[in-house]
Amino acid sequence: MKLVKNAAGRLVPIEVNGQTQIPFKGVGKYKPSGVKAKPLIRSCMDYPSYGNKVVKDLKTALKKAGLKDWMTISTHHHLRNGDAVTNLLFDTVKEMGIKNIRWFPSASFPVHSHLIKYLEDGTIHHIEGSMNGPLGKFTSEGKMKGVGVLRSHGGRYQAIQDGEVHIDIAVILAPTADPFGNATGDRGKSACGLIGFALGDSEYADRVIVVTDNLVLFPCVPWQIQGNNVDYVVEVDSLGDPSKIVSGTTEVTKSPDRLLIAEYVADFIEAAGIMKNGFSLQAGAGGTNLAFVLFLKEKMKAKGVKARFMRGGSTKYLVELLEEGLTDYILDGQTFDLEGVRSMRENANHVNTSPFTSYNFHGKGNFASMVDVAVLGATEVDVNFNANVVTHSDGYLLHGIGGWQNCLYSKCTILAVPSFRDRIPVIVDEVTTLCGPGELIDVIITERGIAINPLRKDLLKAVKASSLPIKDIKQIKKEVDEICGGVPAKPKLNKDKVVAIVKWVDGTVLDSVFEIAK
Amino acid sequence: MIKILKRSSAGKRGESVRSDCYFEIELKKSNGIKLDLKSKVESMYGESIKQMILDMSKFFGLKDAKILCEDNGALPFVLAARFELAVKRLFPQTMKEYLLPITKQNLYSTKKDQLRRSRLYLPGNEPKFFVNAGLHSPDGIILDLEDSVAPAEKDAAQLLVRNALRSIDFYGAERMVRINQLPKGLDDLKFIVPHNVSVILVPKCESAEQIHQLEKEVEKIKKQHKVENQIYFMPIIESTLGVIKAYEIASASKNNCALAIGLEDYTADIGTQRTNEGRESIFARQFLVNAAKAAGIQAIDTVFSDVADMEGLRQSVLEAKSLGFEGKGCIHPRQIKVVHEAFAPTTEEIEKAKKIVLAFEEAEKKGLGVVSLGSKMIDPPVVKRAQRIINLALLNNQISKDWRKK
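Residues numbered from 1 in each chain as written. Chains lettered and ligands numbered in written order. Predicted model: local features only at pLDDT ≥ 70, side-chain atom pairs only at ≥ 80, totals over all residues.

J.: Help me understand the overall build of chain A, please; the structure alone is not making it clear to me.
T.: Looking only at helices and strands, chain A has 15 helices and 29 strands in total. The C-alpha radius of gyration computed for chain A amounts to 23 Å, which stays within 12% of the reference 24 Å derived for 518 residues, consistent with globular compactness. Once the C-alpha set of chain A is aligned to its principal axes, its extents read approximately 70 × 55 × 40 Å. Of all intrachain contacts in chain A linking residues separated by at least 6 positions in sequence, the fraction that spans at least 24 positions is 73%. (Helix = DSSP H or I, 4+ residues; strand = E, 2+ residues; numbered from the N terminus. Rg over C-alpha atoms; globule rule 2.2 N^0.38 Å. Contact = placed C-beta atoms within 7 Å.)

J.: What's the story with the interface of chain A and chain B in this structure? I'm lost.
T.: It is common to report an interface's size as the accessible area lost on association of the parts. Opposite the 21 residues of chain A that make contact, chain B presents 22 residues. Secondary structure elements with two or more residues in the side of chain A that touches chain B: α8 (256–271) and α15 (473–484) of chain A. When residues of the side of chain A that touches chain B are assigned to their parent elements, the largest contribution, four residues, is made by α8(A). Per-class residue counts for the side of chain A that touches chain B are nine nonpolar, five polar and seven charged. (Nonpolar A, V, L, I, M, F, W, Y, C, P; charged D, E, K, R; others polar.)

J.: How do you make sense of the sheet that holds strand β4 (residues 65–71) of chain B when you look at a structure like this?
T.: By way of backbone hydrogen bonds, the strands of a sheet pair with one another, either parallel or antiparallel. Residues and elements named next belong to chain B. Taken in spatial order, the four strands line up as β1-β2-β4-β3 in an open sheet, and their pairing is mixed. Strands at the two margins of the open sheet, each flanked by one partner only, are β1 (7–11) and β3 (33–39). Across this sheet, the average inter-strand angle for adjacent strands is 10 degrees, counted without regard to direction. With five bridges connecting them, β1 and strand β2 (residues 21–27) associate as antiparallel partners. Each bridged residue has a counterpart across the sheet, and for Ala-10 the counterpart in β2 is Phe-23. (Pairing = 2+ DSSP bridges. Axes fitted to C-alpha atoms, helices over the stretch in contact; angles between N-to-C directions.)

J.: What should I look at first to understand helix α1 (residues 42–59) of chain B in this one?
T.: Each full turn of the α-helix corresponds to 3.6 residues, which orients residues three or four apart in the same direction. Those residues of α1(B) not exposed but buried are B:Ser43, B:Met44, B:Tyr45, B:Ile49, B:Ile53 and B:Ser57. Looking at the packing, one finds that the buried side of α1(B) touches β24 (424–425) of chain A together with β3, β4 and α2 (76–90) of chain B. Just beyond α1(B), the residue with positive phi is B:Gly61, at close to 75 degrees. (Buried ≥ 20, exposed ≤ 12 C-beta atoms within 10 Å, placed from the backbone.)

J.: Just to check I follow, could you spell out the nonpolar core for this structure?
T.: It is characteristic of soluble globular proteins that their nonpolar side chains tend to be buried jointly. Ranked by internal contacts, the top residues of the largest apolar core, which has 277 residues, are A:Ile172, A:Ile209, A:Val265 and B:Leu259. If we skip the residues at most four places from it in the chain, A:Val265 touches A:Phe292, A:Val375, A:Ile414, A:Ala416 and A:Ile445. (Core = buried A, V, L, I, M, F, W, Y, C linked by C-beta atoms within 7 Å.)

J.: Got a minute to help me understand the environment of A:Pro175 in this structure?
T.: Residue and element names in this part refer to chain A. Assignment of secondary structure puts Pro-175 in the loop between β10 (169–174) and β11 (176–177). C-alpha of Pro-175 to C-alpha of Met-96: the two residues are 79 residues apart in sequence and 26 Å apart in space. When residues no more than four places from it in sequence are discounted, the contact partners of Pro-175 are Gly-185, Arg-187, Gly-188, Ser-190, Ala-191, Cys-192, Thr-212, Asn-214 and Leu-239.

J.: What is the right way to read helix α9 (residues 310–323) of chain B from this model?
T.: Residues and elements named next belong to chain B. An ideal rise of 1.5 Å per residue puts 20 Å on 14 residues; α9 measures up with 20 Å between its terminal C-alpha atoms. Taken together, the buried positions of α9 are occupied by Leu-313, Ser-316, Val-317 and Ala-320. Looking down the long axis of α9, one finds its buried residues gathered within 100 degrees of arc, a one-sided arrangement. In α9, the exposed positions angled more than 90 degrees off the buried face are occupied by Glu-311, Leu-318 and Ser-322. Looking at the buried positions of α9, the neighbouring elements they touch are β11 (298–303), β12 (327–330) and α10 (334–343). Gly-324 sits one or two positions beyond α9 and adopts a positive phi of about 110 degrees. (Expected span 1.5 Å × (residues − 1). Arc of directions from axis to C-beta.)

Written out as structure tokens, the structure is:
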């Protein structure tokens, strides 16, 4: 595989899975032109005029959709670790004797380790999306036939619109749908909130299959996915385990160190003058992220400050802010708990969004760049503020990018991370895998202090008089190395074999993930 | 006949273990050291862990042995303590100690009247809590060898606490150790006195004699190891007898810096239950404050054990403050800030203190023997208390350093 050095100094392939790749050229340096991908012309004459598109089962739908070897099937992670249908889908693909599928999920979860056997036997050729947990380990060990492609949520939309990924069949899991194919995620026994990750797929895929365990009479309202884009509807007994659909990342951390980080985040947002009437923020799930919202809430109440909108994964904590009048709107990208689902269903100011509105590189603007402050995590951050979210310091691929890359475009991007985990330094010399260029990352907040990117002289000035523990990032790294017992050794990687590539939001290749040396 | 052990183990193993490790050493007749390392941080620190184990084996004269190490991200000071323990469980007679260098950042000493508003208890055999404890800014950190350590792991905690005193950055907090009840606690001293401890907490103290014993032993070890830094004692009164003897205990040594109270045993002694209101212990607490102040040292209140109830904690500290206590025990880092806030002086207290301190400084400048504010004379103890309030206000960022100008 031929590798070249891109603008970030990382070695990347110029061809992957038979497709030509463009190496990263720098932030804001690459702008493709021409015409977007075009969906096929369809005619309503080919669909039942009485509106019933229900077919017997998934196998029938796949047959009617013309499933063949080497096709691309897309799925979405709305049901998270409770998803049972994606596994059933590939059981069916296997049963039909189909090979070499390109699986294009918006994200994968540990429940999908069921699919490892299909990666092994060639039913699935490779994954473009995210390779989490066991799938990441499988990929890192060089066992996948093709090369994995990691994209952000916005990058996924961009890849569809660029024609980089042509979806043959999209399978959309819908907690509620009608026979026409209108579908929503905010109600039904498997309610998950919104199903916006499937929006692009519903518009651009050749064939669209909606799978539901709550088939209602037409019309299914609201229609987060429009039935006019849907070919077939399949009813199943259950989409999966509801207890795993909306849980896991929604408890506030109890760790005193994480709480300290969260408190620093809230202190920083206030001290930097970001917390003022009409401001906006991006909050995700995960212990520290939830906790900083609680600290910030107290500050907002004390100062009588109200936000205009909060973007992000919604949880009961964001819902409380909305219901207590501390924010006018929640712009929800994915719903993390049942309170979020309820609020979206009942409150018109809890609005469902999609990667198109929030993140898409080919949109005429997007919401993420309008946000005043985004608080995110990372597995590693280096002394140049570059960050990694997909691999760990041992070189293993374990996470997807999610909306992380897209959120870096906020006016102030904060990474809230522990300076080390057990004996694994998080602040390092150079990240194992580059996912976010340092020029877009403004502040690193750890339990050992706050490092501000020297490019952000305005932020440095704004907090100069505060009592916050502002430190040079190199100082934090030095402290971490002293605690952990020296600079950690780099993982042993087989630099001849790229197992996955990391795409930047514009579709260029930012970095490569290499095979773990045997 | 002495049974010679061939095999020993130390540390913690299993799925839920974090920041700790497990060692097994099996003595062999030949073939040198055979090391089997399974580490979660193998790719990052595997080589340095192996080297450390080999160095330690050499140090302890271990020549032929099978060593198993299951490591879940233990820091070097933990690895060293666990390995040394496994060796010492094989050779209890060995006098050798594998000592890591003392962290430069910890080369500070404390004063007898140091602020001791909060002291954070850490279980002595749980290393994962040690490293970041100082970041939460307690006035003191207590590495506990007593109640939080299982009887079978006392030897493990002694080595771990010793290593922690040397290696962990306490970020300015006072380094405290709670030893076991005397006389057993005397055995703990050699693991802490030569290793940079600042305050020794003496649990269940009931007589001046115990403090004399402690002082004698501490002096002996200090001399042996040429320890020069000041080591203070904080007796903890936990029984009816202890309460009655409080003054005798408080004045038993010039090294006493504070008297603390623990109420679990005391309430059992008087045959009642602990309540949130604390009426049952009001005599003991007031008596203890009186005894401590009579001996010229600080009075420190017990812990507040409901870590979820921050408002209850705040009320409890305000009450303690009103009784004359100057500190409170903490069992969770989140309690520290609340304790500091509640001990902070009120705005009225600060304003009054400012006037007194300014009047005192004015009188000094003019060489006057008597300080007066308006028509009132001010006694020296009042001035001292005012200075203390100003210091506290400075520490809590309630006033700026240049408050005199404003």
